[in-house]
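Residue-level structural notes
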Amino acid sequence: MGPTPQPPESSGSYARAVNRPAGVAGPSPRVSVVVPTYQRRGLVVEAVDSILAQTEPDFEVLVVDDGSTDGTSDLLRERYGAEPRVRTIHQPNGGTASARNRGLGEARAPWTAFLDSDDLWTADHLERQLAFAAAHPGSDLIACDVRYHGPWDRKETTIFSRRSWRAPDSLDAMLDGAWALPSGMLLRTQVGQAVGFSTAYRYSEDTEFLFRFNARGHRLVANPDVLALWRRHHGGPHAPQKIDQTHEMACEHLQMLEAFAHRARPGSRVHYQIARHRAVLLVNQGRWSEARPHLWRWWRSRPDSTRALRHLLRSLVARR
């Protein structure tokens, strides 16, 4: 079921101060764009091209190559060496959280936007996100809607249109399963540097960040505009797409829920969420009899869930 969850403040290494590199001077841009990448040579240039096509021109791009061995850094320097807004940073492999922290640490703008190297932005992404932030001056993070792109097996077209989705704008929302995609996030840089991403989480560092972001009282506002594309791909043997790591992600999410459950308000659905994640983990391991009580709790809380009912019925006839 995964390691025992640690208290949030001691669960990993967060963003640290990084000295400005030599040769980076001039006025600060309006927004810094951080692109963490690992073994995405065939995709990252398309992501960067979608940034350079923005209608908002005042930005810097920090591509953090997290120890790729497929020639990513060489390709980026060759392709964008003459583009002063793009800088490639190569570091030893430390995981996505480490790469995000490195980018945050070197960001020069008051706002930082994230684009995962296998996703894309619409041409007006930065312009409309910055305008939305200006219209909501008390916000620390703007999360826009994101369209599914590629061979997804989903009826919904965007993440906000999912029946179960809700804005991750409070700790209670996070305890009820709320989330957002990093490629749709515009974050106040100083807040991001203070909160940071925990390197203890390899697959769900963005969700864990939102837990602590909300626990510290920061404000997220959801922007309903669809301004990014979440691409579905197979990733390759050396860097599979995170969404395919279902068991690992469920383990990490269960750790987060258990770590913050004591902060839940009366009536919170956190215990339903914990039961659901425990059930999924046990089902994935074929431990049907152990999963059964958690499946009962999941189905009683969500009797319209065909997945919960299907697993529950199977658990009743399974031999173990």
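Overview of the structure. Note that this is a predicted model, so its numbers are computed, not measured.

Looking now at the packing of aromatic side chains. Per the counting criterion, the structure on display carries ten aromatic pairs. Against the face of Phe197 rests Arg100, its NZ or CZ located 5.7 Å from the ring centre. Geometry around Trp152 places Arg232 over its ring, the cationic atom sitting 5.3 Å from the centre.

On strand β4 (residues 111-114), burial covers both faces: Trp111 and Ala113 on one face and Thr112 and Phe114 on the other are all buried. As judged from the four bridges shared by strand β1 (residues 31-37) and β4, these two strands associate in the parallel manner. For Val31, the partnering residue across the bridge sits in β4 and is Trp111. Of the strand pairs in this sheet, β4 and strand β7 (residues 185-188) are connected by three bridges, and their pairing is antiparallel. Bridging from a neighbouring strand, Trp111 pairs with Arg188 of β7.

What follows is about a nonpolar patch on the surface. Together, Trp296, Leu309, Leu313, Leu316 and Val317 make up a nonpolar patch on the protein surface, roughly 470 Å² of accessible area in all. With four residues, the single largest contributor to the nonpolar patch is helix α11 (residues 306-317). The exposure class assigned to Trp296 is partly exposed, which follows from its relative accessible area of 33%.

Inspection of the entire model under this criterion finds 24 salt bridges. Overlapping salt bridges, with partners in common, bring together Arg100, Asp116, Glu205 and Lys242 in one network.

A separate point is the sheet that holds strand β2 (residues 59-66). Read across the open sheet, the eight strands follow the order β3-β2-β1-β4-β7-β6-β8-β5; overall the sheet is mixed. With one partner strand each, in any of the chains shown, β3 (86-91) and β5 (120-121) form the two edges of the open sheet. Judged from the six bridges that link them, β2 and β3 form a sheet pairing that is parallel. Paired with Val64 across the two strands is Ile89, which belongs to β3.

Time to look at the packing of helix α10 (residues 288-301) against α11. Close contact between α10 and α11 brings their axes to 9 Å; oriented N to C, the two are set at 145°. With respect to the hand of their crossing, α10 and α11 are arranged in left-handed fashion. Where α10 abuts α11, its residues Trp288, Arg292, Leu295, Trp296, Trp298 and Trp299 lie against Arg307, Ala308, Leu309, His311, Leu312, Arg314, Ser315 and Leu316. Residues of the contact of α10 with α11, tallied by class, amount to nine nonpolar, two polar and three charged.

Owing to its 3.6 residues per turn, the α-helix brings residues three or four apart onto one side. The end-to-end C-alpha separation of α11 is 17 Å, in line with the 16 Å expected for twelve residues at 1.5 Å each. Buried residues of α11: Ala308, His311, Leu312 and Ser315, and no others. The buried side chains of α11 occupy one side of the element, clustering within an arc of 105° when seen end-on. The exposed residues of α11 that point more than 90 degrees off its buried face are Thr306, Arg314 and Val317. The secondary structure elements touched by the buried residues of α11 are α9 (270-284) and α10.

Relative to each other, helix α1 (residues 41-52) and helix α2 (residues 72-80) sit at 35°, their axes nearing to 10 Å. Between α1 and α2 lies a crossing whose hand is right-handed. Facing Arg41, Val44, Val45, Val48, Asp49 and Leu52 of α1, the residues of α2 in contact are Thr72, Leu75, Leu76, Arg79 and Tyr80. Residues of the contact of α1 with α2, tallied by class, amount to seven nonpolar, one polar and three charged.

Membership of the largest hydrophobic core comes to 39 residues, with the highest contact counts inside it found for Leu141, Leu187, Phe209, Leu210 and Phe211. If you tally residues by element for this core, the top one is helix α8 (residues 246-260), at seven residues. Discounting residues that sit within four places of it in the chain, Leu187 has contacts with Leu104, Pro110, Trp111, Thr112, Phe114, Asp140, Leu141, Gly192, Phe209 and Phe213. If you look at the next biggest cluster of nonpolar residues, it comprises 37 residues, including Ala47, Phe59, Val63 and Trp152.

What counts, and at which threshold
- Residues numbered from 1 in each chain as written.
- Predicted model: local features only at pLDDT ≥ 70, side-chain atom pairs only at ≥ 80, totals over all residues.
- Heavy atoms only, no water.
- Phe/Tyr/Trp six-rings, centres within 6.5 Å; stacked < 30°, edge-to-face > 60°.
- Lys NZ or Arg CZ within 6 Å of the ring centre and 35° of its normal.
- Buried < 20%, exposed > 50% of the residue type's maximum accessible area, 1.4 Å probe, protein only.
- Helix = DSSP H or I, 4+ residues; strand = E, 2+ residues; numbered from the N terminus.
- Pairing = 2+ DSSP bridges.
- Patch = residues over 30% accessible without salt bridge, like charges linked within 9 Å, V, L, I, M, F, W, Y side chains within 5 Å.
- Areas by Shrake-Rupley, 256 points an atom, 1.4 Å probe, with all protein chains shown as cover.
- Salt bridge = Lys/Arg side-chain N within 4 Å of Asp/Glu carboxyl O.
- Axes fitted to C-alpha atoms, helices over the stretch in contact; angles between N-to-C directions.
- Left-handed = near helix turned anticlockwise from the far one by under 90°.
- Contact = heavy atoms within 4.5 Å.
- Nonpolar A, V, L, I, M, F, W, Y, C, P; charged D, E, K, R; others polar.
- Expected span 1.5 Å × (residues − 1).
- Arc of directions from axis to C-beta.
- Core = buried A, V, L, I, M, F, W, Y, C linked by side-chain atoms within 4.5 Å.

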